[in-house]
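If you want the building blocks of each chain, they are given just below.
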Amino acid sequence: MADSTDTRELTPPGFAMGDAAGALAMLEWLASLGAADPVLETPQCWLADGPSAQGDAPSSVPEAQQAAIAASVKRTAPSKEPATDSGSLAEAQRAAAAAQSLAELREAMARFDGTNLKAGARNLVFADGNSQAPLMLVGEAPGRDEDLAGLPFVGASGQLLDRILAAAGLDRTKVYITNVLPWRPPDNREPSLTEAALFLPFLKRHIALVRPRIVLALGATSMRHLFDTTEGITRMRGKWQELLIEDNAIPAMATFHPAALLRNALNKRFVWRDMLEVSARLGMLDQKDH
Ligand code: URA
């Protein structure tokens, strides 16, 4: 970054510069926006003649990427919240454990008032696809389109997800899709740790009720919370993990989020590799069953 850059203008709202935690939070925030990711096939100086801070993209960037860049520039940092309130967490655990069916779980999530997210969202986004399918995908949180439709992955990243699935011979009748959060975070921001922690018991119960043969985490947020890791997605993706859900060990993997692929098309090859791995394992499970 050029010396002349005024870092105050780059400080995300809510983060104070000058303290280590603030600086670390800002770095994480910038990385989550894709600051470390190449956007185009060839390097470009974004400060000289690239997009403005408002997210204008140069005309050489394809439209889908422009939309993704604009969305990521608008993305705000997670809100600074107090640590998870133990009463709310206990309530989430109790409500999730009591749900005996997907319908009951959906009802319990709609009733749960442990976060403020519900107040700012239009619709609960519970799931889409086939709950009998062997493959369960877990994304991050609904965006604007998903909030309006009440369904996960229906916007730009959802369309890319459908193309990824189609390339692997899959579609929404052959997979089941949900998110870490069922409510849209305001301003398209990343889920806070507290929000994710409060909805984790519901997500785990969701997985337990669906009983998928394989879980695929889409993106770093889903991966971090499902696998309880602080590892980066670039290092973790494509590696088989064991997800222990109510004493059941489920093979699981993380791959890049489709929205990240809209920002960085070069990573599509890794997602393709990961999908081949997942398809091969699904095929093996299929053979075992017959
Ligand atoms: N991104 C997600 O992680 N989930 C959605 O449902 C939509 C976009």
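Procedures and definitions
Counting restarts for each chain, with residues numbered from 1 along the sequence as it is written. Only residues with pLDDT of 70 or above have their local features reported here, since the model is predicted, and side-chain atom pairs are shown and tallied only from 80 upward, although totals for entire chains, interfaces and linings are computed over all residues. To obtain the side-chain values, all non-hydrogen atoms of the structure were used and water was disregarded. Helix and strand assignments follow DSSP, with helices taken as H or I runs no shorter than four residues and strands as E runs no shorter than two, numbered in order from the N terminus. Here a residue-residue contact requires only that any non-hydrogen atoms of the pair lie within 4.5 Å. Per-residue accessibility, obtained with a 1.4 Å probe over protein chains only, is compared with the maximum for each type, and a residue is labelled buried under 20%, exposed over 50%, and partly exposed between these values. Nearness is judged by heavy atoms alone; a residue qualifies as near a molecule or strand once a single heavy atom is within 4 Å of it. Two N or O atoms count as a polar contact when they lie within 3.5 Å, although within protein this holds only if one can serve as hydrogen donor and the other as acceptor, and sequence-adjacent residues are included solely when both atoms are side-chain atoms. In this description, accessible areas are obtained by the Shrake-Rupley approach with a 1.4 Å probe, and a residue is regarded as covered only by the protein chains that are shown. Residues are grouped as follows: Ala, Val, Leu, Ile, Met, Phe, Trp, Tyr, Cys and Pro are nonpolar; Asp, Glu, Lys and Arg are charged; every other residue, Gly included, is polar. A pair of strands is treated as paired once DSSP finds two or more bridges between them. Convention adopted: a line fitted to C-alpha atoms gives each axis, helices being fitted over their contacting stretch, and angles between N-to-C directions are expressed from 0 to 180 degrees. We call Phe, Tyr and Trp rings a pair once their centres come within 6.5 Å, taking the six-membered ring for Trp, and we label the pair stacked below 30 degrees between planes, edge-to-face above 60, and tilted otherwise. Charge over a ring is defined by NZ of Lys or CZ of Arg lying within 6 Å of the ring centre and within 35 degrees of the ring normal. Salt bridges, as used here, are contacts in which a Lys or Arg side-chain nitrogen is within 4 Å of a carboxyl oxygen on Asp or Glu. With respect to orientation, any angle under 35 degrees is reported as roughly parallel, any angle over 145 as roughly antiparallel, any angle of 65 to 115 as roughly perpendicular, and every other angle as oblique. pLDDT expresses, on a scale from 0 to 100, how confident the predictor is about each individual residue.

**Things to note about the side chain of Ser 88**
So, point 1. Position of Ser 88 among the secondary structure elements: in helix α4 (residues 86-98).
So, point 2. Ignoring sequence-local partners within four residues, the contact set of Ser 88 consists of Phe 112, Gly 114 and Leu 198.

**Some details on unusual backbone geometry**
Note on backbone geometry: most residues besides glycine have negative phi, and most peptide bonds are trans.
So, point 1. Of note, Asp 187 is a non-glycine position whose phi angle comes to about 60°, a positive value.
So, point 2. One can find Asp 187 in the loop between β3 (175-179) and α9 (193-210).
So, point 3. Of the residues examined, Asp 187 reaches a relative accessible area of 53% and is grouped as exposed.
So, point 4. Look at Asp 228: it is not a glycine, yet its phi comes out positive at around 50°.
So, point 5. If you trace the backbone, Asp 228 turns up in the loop between α10 (220-227) and α11 (233-236).

**Overview of α10**
So, point 1. Burial runs high along α10: six of the eight residues are buried.
So, point 2. For α10, every residue scored as buried is listed here: Thr 221, Ser 222, Met 223, His 225, Leu 226 and Phe 227.
So, point 3. Of the surrounding secondary structure, the elements contacted by the buried residues of α10 are β2 (135-139), α9, β4 (214-218), α11, β5 (241-245) and β6 (248-255).

**Structural notes on the site of the ligand**
So, point 1. Taken together, Gly 139, Glu 140, Ala 141, Glu 146, Pro 152, Phe 153, Ser 157, Asn 179 and His 257 make up the full set of residues adjacent to the ligand.
So, point 2. In this structure, an oxygen atom belonging to the ligand sits 2.7 Å away from a main-chain N or O atom of Glu 140.
So, point 3. Measuring from a nitrogen atom of the ligand, one finds a side-chain N or O atom of Asn 179 at 2.8 Å.
So, point 4. Surface burial for the ligand is 92%, taken as the share of its 230 Å² of free accessible area covered by protein chains.
So, point 5. For the shell around the ligand, a count of residues per class yields three nonpolar, four polar and two charged.

**So, the sheet that holds β6**
Strands belonging to one sheet form pairs held by backbone hydrogen bonds; the direction of such a pair is parallel or antiparallel.
So, point 1. Taken together, six strands build an open sheet; the order of strands is β1-β3-β2-β4-β6-β5 and the sheet is mixed. Each edge of the open sheet carries a strand with a single partner, namely β1 (128-129) and β5.
So, point 2. Inspection of the sheet shows β4 paired to β6 by four bridges, in the parallel sense. In the sheet register, Ala 217 faces β6, and the bridge partner there is Ala 254.
So, point 3. The strands that α10 touches are β2, β4, β5 and β6; relative to β4, the one it contacts most, it runs at about 130°.

**Some thoughts on the packing of aromatic side chains**
So, point 1. Scanning the entire structure with this criterion turns up four aromatic pairs.
So, point 2. Three or more aromatic residues link up through ring pairs in this structure, and these residues are Phe 112, Phe 199 and Phe 202.
So, point 3. We note Arg 281 situated over the ring of Trp 240; from NZ or CZ to the ring centre the distance is 4.5 Å.

**Remarks on the pattern of salt bridges**
So, point 1. As enumerated under the stated definition, the model contains eleven salt bridges in all.
So, point 2. As a salt-bridge pair, Arg 111 and Glu 107 come within 3.7 Å of each other at their nearest N and O atoms. Here Glu 107 and Arg 111 lie together in helix α5 (residues 102-111), a separation of four residues that amounts to about one turn.
So, point 3. A salt bridge links Asp 145 to Arg 144, with the shortest nitrogen-to-oxygen separation between them at 3.5 Å.
So, point 4. The class for Asp 145 is partly exposed, based on a relative accessible area of 34%.

**Examining the packing of α4 against α9**
So, point 1. In the contact formed by α4 and α9, the axes pass within 8 Å of each other and the chain directions differ by 10°. Considering the angle they form, α4 stands roughly parallel to α9. Of α9, the residues touching α4 (which contributes Ser 88, Leu 89, Ala 92, Gln 93, Ala 95, Ala 96 and Ala 97) are Ala 197, Leu 198, Pro 201, Phe 202 and Arg 205.
So, point 2. Looking at the contact of α4 with α9, its residues break down into nine nonpolar, two polar and one charged.

**Some points on the confidence of the model for the protein**
For any part of a model where pLDDT is low, the fine detail of the predicted coordinates should not be relied upon.
So, point 1. The share of residues in the protein with pLDDT of 70 or more is 72%, and the mean pLDDT across the chain is 83.
So, point 2. pLDDT under 50 marks residues 37-42. Its contacts with residues more than four places away, or in other chains, come to twelve contacts.

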